[in-house]
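Architecture at a glance
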There are 6 protein chains.
Amino acid sequence: MTIKINSESEFHSATAANWELDKIVQELRNARNDWRSLRGRTREPGLRELPSRDLLQQIIRDLCGALFPMRLGPQELREESEDYYVGHTLDAALNQLLQQVQLELFYVARQQGNNGHDLALKAQANSIVRTFAAALPNLRRILDVDIQAAYQGDPAARSVDEVLLCYPGVLAIIHHRLAHTLYQLDVPLLARIVAELAHSLTGIDIHPGAEIGSGFFIDHGTGVVIGETAVIGERVRIYQAVTLGAKTFPTDEKGHLQKGLPRHPIVEDDVVIYAGATVLGRITIGKGSIIGGNVWLTRSVQAGSSITQASSRNLVPQEANL
Amino acid sequence: MTIKINSESEFHSATAANWELDKIVQELRNARNDWRSLRGRTREPGLRELPSRDLLQQIIRDLCGALFPMRLGPQELREESEDYYVGHTLDAALNQLLQQVQLELFYVARQQGNNGHDLALKAQANSIVRTFAAALPNLRRILDVDIQAAYQGDPAARSVDEVLLCYPGVLAIIHHRLAHTLYQLDVPLLARIVAELAHSLTGIDIHPGAEIGSGFFIDHGTGVVIGETAVIGERVRIYQAVTLGAKTFPTDEKGHLQKGLPRHPIVEDDVVIYAGATVLGRITIGKGSIIGGNVWLTRSVQAGSSITQASSRNLVPQEANL
Amino acid sequence: MTIKINSESEFHSATAANWELDKIVQELRNARNDWRSLRGRTREPGLRELPSRDLLQQIIRDLCGALFPMRLGPQELREESEDYYVGHTLDAALNQLLQQVQLELFYVARQQGNNGHDLALKAQANSIVRTFAAALPNLRRILDVDIQAAYQGDPAARSVDEVLLCYPGVLAIIHHRLAHTLYQLDVPLLARIVAELAHSLTGIDIHPGAEIGSGFFIDHGTGVVIGETAVIGERVRIYQAVTLGAKTFPTDEKGHLQKGLPRHPIVEDDVVIYAGATVLGRITIGKGSIIGGNVWLTRSVQAGSSITQASSRNLVPQEANL
Amino acid sequence: MTIKINSESEFHSATAANWELDKIVQELRNARNDWRSLRGRTREPGLRELPSRDLLQQIIRDLCGALFPMRLGPQELREESEDYYVGHTLDAALNQLLQQVQLELFYVARQQGNNGHDLALKAQANSIVRTFAAALPNLRRILDVDIQAAYQGDPAARSVDEVLLCYPGVLAIIHHRLAHTLYQLDVPLLARIVAELAHSLTGIDIHPGAEIGSGFFIDHGTGVVIGETAVIGERVRIYQAVTLGAKTFPTDEKGHLQKGLPRHPIVEDDVVIYAGATVLGRITIGKGSIIGGNVWLTRSVQAGSSITQASSRNLVPQEANL
Amino acid sequence: MTIKINSESEFHSATAANWELDKIVQELRNARNDWRSLRGRTREPGLRELPSRDLLQQIIRDLCGALFPMRLGPQELREESEDYYVGHTLDAALNQLLQQVQLELFYVARQQGNNGHDLALKAQANSIVRTFAAALPNLRRILDVDIQAAYQGDPAARSVDEVLLCYPGVLAIIHHRLAHTLYQLDVPLLARIVAELAHSLTGIDIHPGAEIGSGFFIDHGTGVVIGETAVIGERVRIYQAVTLGAKTFPTDEKGHLQKGLPRHPIVEDDVVIYAGATVLGRITIGKGSIIGGNVWLTRSVQAGSSITQASSRNLVPQEANL
Amino acid sequence: MTIKINSESEFHSATAANWELDKIVQELRNARNDWRSLRGRTREPGLRELPSRDLLQQIIRDLCGALFPMRLGPQELREESEDYYVGHTLDAALNQLLQQVQLELFYVARQQGNNGHDLALKAQANSIVRTFAAALPNLRRILDVDIQAAYQGDPAARSVDEVLLCYPGVLAIIHHRLAHTLYQLDVPLLARIVAELAHSLTGIDIHPGAEIGSGFFIDHGTGVVIGETAVIGERVRIYQAVTLGAKTFPTDEKGHLQKGLPRHPIVEDDVVIYAGATVLGRITIGKGSIIGGNVWLTRSVQAGSSITQASSRNLVPQEANL
């Protein structure tokens, strides 16, 4: 057997990699510079600009352990050392969170042309993390109610512990309550990253701005979307692929999108929404209503209603030409 | 340039983090204690109570390598050392699994007020893992049929190897067959965790109790939900966002949910169900039927049926007021 | 207290694990051998056959850092060292990619009975990676347009940086543009793995063969499916659970699936498709059309159309008996 | 250019590795079996027999952090969380240590033909670790004295903190005091492993049996050897390459080595021994003596002596024919 | 077989670990507080006080890679990306070093009662690291001369590359030249930690203050000690267990050790000192002298001398009563 | 409190690091280029030139596990899976070793101006690793004898297992026997790296060329040096700080060092050499001799001799003027 290589250059191209790195690095720099000058970012901060998804994932993981030490903490944890674990882990998570909060505050300041004096921002970051930390015990109590609701709502659930450990809906609501706390403390970028971590893990997409009462349960969950200004009462239960969305995006007279206006549904206490239902716009679903699977709903229903596909179509003639 | 800090305390709040850890740790302890006394968990086991999702993920990863060594095993594996790799990896996975099975058995025993004598439980755990291990070779053979079915069912597939490596439906069925084996061996919590690992990776949510024949293929898969008592025959093919769910939750005379009753569909051999179809209740889809996209189906159809949106509406007048 | 163990063997079964490894390893080998002989793989290559999902995940992560260093790169990156980071990270990613490309080329060659002479394949792999690398700067420029589109399309977005960091739709399009480049360079298996990485992270399933113009934005995204031969114009916007799929699989006269034929929709410039819409077959959605939520569409619509559920049903009577 | 490979087998030997693993694994098994049967180890315990050097290294590292949290603990530790860190780290270290103590106790029991009933051994292991843990606070106080002595004894030292962080002599005495505590608690194998960890890091070889008073300082240290039955008083200072060894090994009437007899020097309070001195046998160096560099000493010297090379030779004529 | 446990508490002590953590943590806190109040450290800084050995180890490892990229850098480095690797790695190392330098400067400031205003210290730290960085290219050139000297000095050496990769003497001099640069830049604690890293790896103990000319070579090296004020010329070669030490520690009139005075030997160009020689005090070994193995030398020798054990004894009668 | 920063540049120098990376990277490149052109290395290989110490450390660690699985293998190993562990670990180690052997062979070829045709070198590397692998079972048997000798030689040893786990002398001889095998297979650079790994861990410096009979034991060991051409018989025992060195380096008529000539001692069977003895030159220590502590010996002694400091001085008058 004889292997033929016809020329030395062919041999070298086969065995020695050469990527013309200098050229590519230069062109990538050009692309960055063009983008920056286009956006008026002529003076870069010199440091990476943005919080880190990976670090927030670690922070959330630590907070889950601190909130539920004997169930989501490390395998070898013993009850004697529970508080030490909680204190140590919490401290690590809060210190890391402080860095991320600072990054967001600095970033926002830079966007507003505010450079250099960052001591006040550091003080603000400290205050945010302190408030966040103080909120954790109550958040744990609310989550206990959520978990209890999940247990009671699913005939396949064997124990509250299984629910905590396995259910994507529970994972999503833990993330949401942490994200919503960050959102209320004016670090919406961190809040959004936490929400997207849950989205990636569970397929459940809850905007951190949504206000959700206790005893909330999502079953299965993949494809659920809940918008920024949605308001959800106590003991609400929803299933996979439910959308609580906006019907239209309000624009001002110049046609610019108007951000922050209420545009998602209000869902009152004890409502159940079955899989695949689509609920759009600033409508109200009255207390105790049941919304059937795959229903398409764009107007309010009063308390105690039971809406199915057929009936929903009668309700919403005006959507025929959306 | 002069930076102004108005007071020493302002300076310290800016530079020294202080989270009042003692207070938060104490309040978290109070929350845990309240929850425990509410649930009558006055005597804690002293050790972490529950299996670990992270460890099960590692176990499944190792089992995948042991089942398909030259394709899902380590990059540097050579055929000469295949059996050594399989034996060593299997041993590591089974030893880890033994720990997790013990945790579930101990947990269940504690739930039933059964403390202290754990030697019998350890023997039971050993027996479970031994049975699980013995089932693996046959499971590999069934998976080969599933993979072949996936290859034949998708015009975009170039080889059985691509299918094994890339297709989320294949990843889901590997997880399901492992989870279902654990479910049959009476460790439903571990089974559920394995199912949720697949759900998180693929968006496909198959309850580990579901019985699924060989040659099963899910294409795309995101949003598929298959319930606990579903029974699926040979060579069935389903697409994304298909639900095989329960129509109602049976309750006993006191209104308590009755767990474990058959409440999900029976899908016979060679059925195809297209994307977005919703099939609810203990109905039977006869052999060889085709269920069209987005169909909503709550009553049985005979063998060889072809159901589309239009025809399905005619079939189910009684669902109008769900 | 006295613990009773009734026999020595009971004691040993409780404390010493024994999995009968030799038997299981042998049976797994039998299963592999049966499978191999069934498929005519009598002469194995001696080395692991296939590219690695884990390594491709790392490669993509590195490429994201090299493309957006100050935003997706390491937390501690400073502007002074930006180019060093880009060059070093790119080099690592490309060298790793070279290994993976070689694996795919070798694999394909083996499938075709072509063993032994791999120098030409190595040269081909080098050429592929060189071309891929050279395409990166332009790809960055296109992604900047996508990100700008995402920012403008979502009223909840606060900055282009939030969009880059958080939005699953942006993550999906970054993966897709890398995967599509690999697809065009004739390494479809690598391309598919990259696509499935995005699918797992985001619930968005875009076949790497799909051709997508710039300024493309997917909001929320879970459940989106875009098929292999889909063609999408400039500035198209789609929402969660939209399917751009095939209606039927063309078969040849012998009933074999015909691979590679155009079978997915053409979506022209400036089209918007709302959540849950299903668009099937080689149809064309004309420039600037709006397709409403949950619409089921299987025939072409002309430019500027606005299709809703009601109107769509009128459009497609022929699909009644799919 | 043409590459010539003369035969296919030559080509394969160049590109495909083959180690004849089966043969080597079998021969290694034979070697193990021969060794086991030679030593009468016909019934193996089924599990790895011995404690782990790597795990003990981690345990010692954690104990160092718990003893000196703000100086040897993690970089990001803050004073507020000091106790949480100490409690959590201590717990991790002690739980790990418990496993290692059990391994040594089981191992010794097996050596004595004692199989099966290990509950009493587990209780003993618990008791050992509890006693060890209770000794730590006093051990920290003694180490503070050692560190102070090191600081005062070296003109190059700038602070007690530098001494703790840098000096190999301090590292060695920390290890020794932990190892000696284990030695006294009858787990001599663990003790020895800890001593050898220090030996590897510092070149200082102190047998864990040696009794050493407080305020002990070794400068530079490489090559220091201190034997099992050495007794060292308060405030002793020694330099590199000093040996406190045995002169002869006592044997019984049958010529077997007699283990455990006092055979190493007694060094009284405030003695200084300069570099390279060799002190052999159960002799006593009186309080406050100074032993010069490279001195060879095999008989006792009274308190306050100052021994140099010349004078030492006069002292020890009987060693001429050792 | 029946296992007997005589009491419930015995059973629990066997199976449930309990370390009385609260008590030990409290006692350790007491020990720390006593130590702190004894040393007047009533106001702790709130953060870990000291640089980290582990981080410096990583920094040195990175600097070695940046200095000798194709020989000590990563295995997969290619020449095309050499500069990118060097720049990126250097940047990482320098940024890390900056943190460590700040820690030392803050620490020293606190020791001197200087709290609060750390901006000037941060500027000083920046300046130190900048100077350190600028010194690296020249340091590489000097190390090339050292390596060449090692190659020429050892008959067993096969290439300069083997020398760089294997010789502990080379590892030690690389560390020393980095440590000495830090020492000159007034961060002696960092310098000392780097020196001790080398000591631990090689058994060679060179104080970072020692001044050493180029072409320096230590063979074997274990047990070598070189003191703080030693001055060594060009092309000096020394062997294992050589000491260049102080004879006495000068004290002031109050008996306090006087730090920083010249007290170690001056070794002129081209001197060779064989294994085990002990050279003490501020003496001068003249250019080109040879000091034999195990020689004990405490007075100066003129250029070109050749000293052996016998002759050295004649030289030093006055040391008889050290 | 007001913090004063006098100028903006002072503020920036305090908060923004800038290392002038471009300049330093360029100067380092100049230094490398100068060095390369000085050494005639005008055409670099394009890839890292040399084997890796870190990878060899991992290889040795794996080989130790494969040789002594139940004692140096992983903690969780069970006897049932011993062979699988051994085979899998051995395979990993040998594959890694193959890469390292190739690197050394390529390196040597390049040094000799031999570029391009590396297939023959790959075949040679394979052959070397195969031979190395085949030698392992016998090597295990010899090490069993060494360990038995260590156990019998130390009165403080409690078991052969303690000896294997703790004794640096045993660690050194394991490394040496592996290194010597590599040395005999003509990969002296790898052999040397393995020897230096042992040197770093134990302070024992054995050149891989030294020939050492079975039943060899080094006690304590720090400072032991054994040269390249030393020949040591069966059952020899030596203590810390013993040197078996060369007296002079033979040079040829041009004054160049002559490499490879026998220049170190021959030590016959059953010799004991106590701590600190220095034995130099190609002399022979006759069978069964005892060499006392600190003896300096440069001429042969006959079998059965007992040499002490005093007697050794009489033996060697000619060394007075070394």
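What counts and what doesn't
- Residues numbered from 1 in each chain as written.
- Chains lettered and ligands numbered in written order.
- Predicted model: local features only at pLDDT ≥ 70, side-chain atom pairs only at ≥ 80, totals over all residues.
- Heavy atoms only, no water.
- Least-squares fit on C-alpha atoms with pLDDT ≥ 70 in both.
- Contact = heavy atoms within 4.5 Å.
- Salt bridge = Lys/Arg side-chain N within 4 Å of Asp/Glu carboxyl O.
- Helix = DSSP H or I, 4+ residues; strand = E, 2+ residues; numbered from the N terminus.
- Buried < 20%, exposed > 50% of the residue type's maximum accessible area, 1.4 Å probe, protein only.
- Nonpolar A, V, L, I, M, F, W, Y, C, P; charged D, E, K, R; others polar.
- Phe/Tyr/Trp six-rings, centres within 6.5 Å; stacked < 30°, edge-to-face > 60°.
- Lys NZ or Arg CZ within 6 Å of the ring centre and 35° of its normal.
- Pairing = 2+ DSSP bridges.
- Domains from an automatic or database assignment.
- Buried area = accessible area lost by both parts, 1.4 Å probe.
- Polar contact = N/O pair within 3.5 Å; in protein donor to acceptor, adjacent residues only side chain to side chain.

1. Examining the relation of the copies chain F and chain E
Overlaying chain F on chain E yields an RMSD of 0.1 Å, the required transformation being a rotation through 120° with an accompanying axial translation of 0.1 Å. When the rotation and shift are considered jointly, the pair of chain copies conforms to a three-fold rotation axis. Each copy contacts the other with its own distinct surface, as only 3% of the interface residues of chain F are interface residues in chain E too.

2. Details of the pattern of salt bridges
Scanning all chains against the criterion turns up 114 salt bridges over all chains. Asp-54 of chain A is the partner of Arg-61 of chain C in a salt bridge, and the nearest nitrogen-oxygen pair spans 2.9 Å. Of the two residues, Arg-61 of chain C is situated in helix H3 (residues 53-67) and Asp-54 of chain A in helix H3 (residues 53-67); the pairing between them involves two chains. Judged by its relative accessible area of 41%, Asp-54 of chain A falls in the partly exposed class. Asp-83 of chain D is the salt-bridge partner of Arg-29 of chain E, the closest N and O atoms lying 2.6 Å from each other. With Arg-29 of chain E in helix H2 (residues 21-38) and Asp-83 of chain D in helix H5 (residues 82-111), the pair connects residues from two separate chains. Of the residues examined, Arg-29 of chain E reaches a relative accessible area of 24% and is grouped as partly exposed. Exposure remark for Asp-83 of chain D: the relative accessible area of 19% places this residue in the buried category. Members of the salt-bridge network, linked through shared partners, are Arg-29, Arg-32 and Arg-36 of chain A together with Glu-79, Glu-82 and Asp-83 of chain C.

3. Considering the interface of chain F and chain E
At the junction of the two partners, chain F supplies 66 residues and chain E supplies 68 residues. Remark: the boundary between chain F and chain E carries 10 salt bridges. The residue Glu-162 of chain E makes a salt bridge to Arg-192 of chain F at a minimum N-O spacing of 3.9 Å. Of all the secondary structure elements, the ones that give two or more residues to the side of chain F that touches chain E are strand E1 (2-4), helix H1 (8-15), helix H2 (21-38), helix H3 (53-67), helix H5 (82-111) and helix H10 (188-202) of chain F. Sorting elements by how many residues they give to the side of chain F that touches chain E places H2 of chain F first, with 12 residues. Classifying every residue of the side of chain F that touches chain E gives 29 nonpolar, 17 polar and 20 charged.

4. Section: the packing of aromatic side chains
Under the definition given, this model contains 12 aromatic pairs over all chains. Both rings, one in Tyr-167 of chain B and one in Phe-217 of chain B, keep their centres 6.3 Å apart while their planes meet at 35°; by these two values the pair is tilted. Placement of Tyr-167 of chain B in the loop between helix H7 (160-166) and helix H8 (168-184) and of Phe-217 of chain B in strand E4 (residues 217-218) is noted, with a sequence separation of 50 residues between them. Each member of the pair, Tyr-167 of chain B as well as Phe-217 of chain B, is classed as buried. In this structure, Arg-71 of chain C is placed above the aromatic ring of Trp-35 of chain A, and the distance from its NZ or CZ to the ring centre is 3.9 Å.

5. Quick notes on the sheet that holds strand E11 (residues 278-280) of chain B
Residue and element names in this part refer to chain B. Pairing within the open sheet is parallel, and its 5 strands lie in the order E2-E5-E8-E11-E14. The open sheet has two edge strands, strand E2 (205-206) and strand E14 (296-297), and neither has a second partner. Pairing between E2 and strand E5 (residues 225-226): 2 bridges, direction parallel. Its bridge partner lying in E5, Asp-205 is registered against Val-225.

6. Notes on the domain arrangement of chain A
Residues and elements named next belong to chain A. The assigned domain composition of chain A is domain 1 (51-204) and domain 2 (223-322). Its C-alpha centre places domain 1 at a distance of 28 Å from the equivalent point of domain 2. The interface is formed by 4 residues belonging to domain 1 together with 4 residues belonging to domain 2. Summing both partners gives a buried area of about 310 Å² for domain 1 against domain 2, and 45% of it is carried by carbon and sulfur. Among the residues of domain 1 in contact with domain 2, Gly-153, Tyr-183 and Ile-204 are the three that bury the most area, contributing 74% of the side total. Counting across the interface, domain 1 meets domain 2 through 0 salt bridges. Viewed at the interface, domain 2 and domain 1 are joined by 2 residue pairs in polar contact (both at pLDDT 80 or more). Looking at the side of domain 1 that touches domain 2 residue by residue, the classes come out as 2 nonpolar, 2 polar and no charged.

7. A closer look at the relation of the copies chain D and chain E
Of the two same-sequence chains, chain D is brought onto chain E (RMSD 0.1 Å, axial shift 0.0 Å) by a rotation of 120°. Of all interface residues in chain D, a mere 3% are interface residues in chain E too; the two copies therefore contact each other through different surfaces.

8. Some remarks on the environment of Thr-222 of chain A
As for its position among the elements, Thr-222 of chain A is in the loop between strand E4 (217-218) and strand E5 (225-226). Taking the relative accessible area as the measure of exposure, Thr-222 of chain A reaches 6% and is therefore buried. When the C-alpha atoms of Thr-222 of chain A and Lys-23 of chain A are compared, they prove to be 44 Å apart, with 199 residues separating the residues in sequence. The residues touching Thr-222 of chain A, leaving out its near neighbours within four places in the chain, are Thr-202, Gly-203, Ile-204, Gln-240 and Ala-241 of chain A, His-199, Gly-203, Thr-222 and Gly-223 of chain B together with Thr-222 of chain C. Polar side-chain contacts of Thr-222 of chain A include one of 2.6 Å to the side chain of His-199 of chain B.

9. Notes on the interface of chain D and chain E
In this complex, chain D contributes 70 residues to the contact, which on the side of chain E involves 68 residues. Summing the contributions of chain D and of chain E, the shared interface buries around 5800 Å²; its carbon and sulfur component is 56%. For the interface between chain D and chain E, the tally reads 9 salt bridges. A salt bridge links Glu-82 of chain D to Arg-32 of chain E, with the shortest nitrogen-to-oxygen separation between them at 3.0 Å. Applying the counting criterion to the chain D and chain E interface returns 16 residue pairs in polar contact (both at pLDDT 80 or more). Those elements giving two or more residues to the side of chain D that touches chain E turn out to be helix H3 (53-67), helix H4 (69-72), H5, helix H6 (119-153), helix H7 (160-166), helix H8 (168-184), helix H9 (188-202) and helix H10 (309-315) of chain D.

10. So, the sheet that holds strand E7 (residues 237-238) of chain B
Residue and element names in this part refer to chain B. In spatial order, the strands read E4-E7-E10-E13-E15; together these 5 strands make up an open sheet with parallel pairing. Both outer strands of the open sheet, E4 and strand E15 (306-307), are each paired with one neighbouring strand and no more. Taken together, the 2 bridges between E4 and E7 define a ladder with parallel strand orientation. Looking at E7, one finds that Ile-218 is bridged to Ile-238.

11. A closer look at unusual backbone geometry
Residue and element names in this part refer to chain F. Despite not being glycine, Asp-186 shows a phi value in the positive range, around 70°. Its location among the elements puts Asp-186 in the loop between helix H9 (168-184) and H10. Even without glycine at this site, His-220 takes up a positive phi of about 60°. When you line up the elements, His-220 lands in the loop between strand E4 (217-218) and strand E5 (225-226). For His-220, a relative accessible area of 22% gives the class partly exposed.

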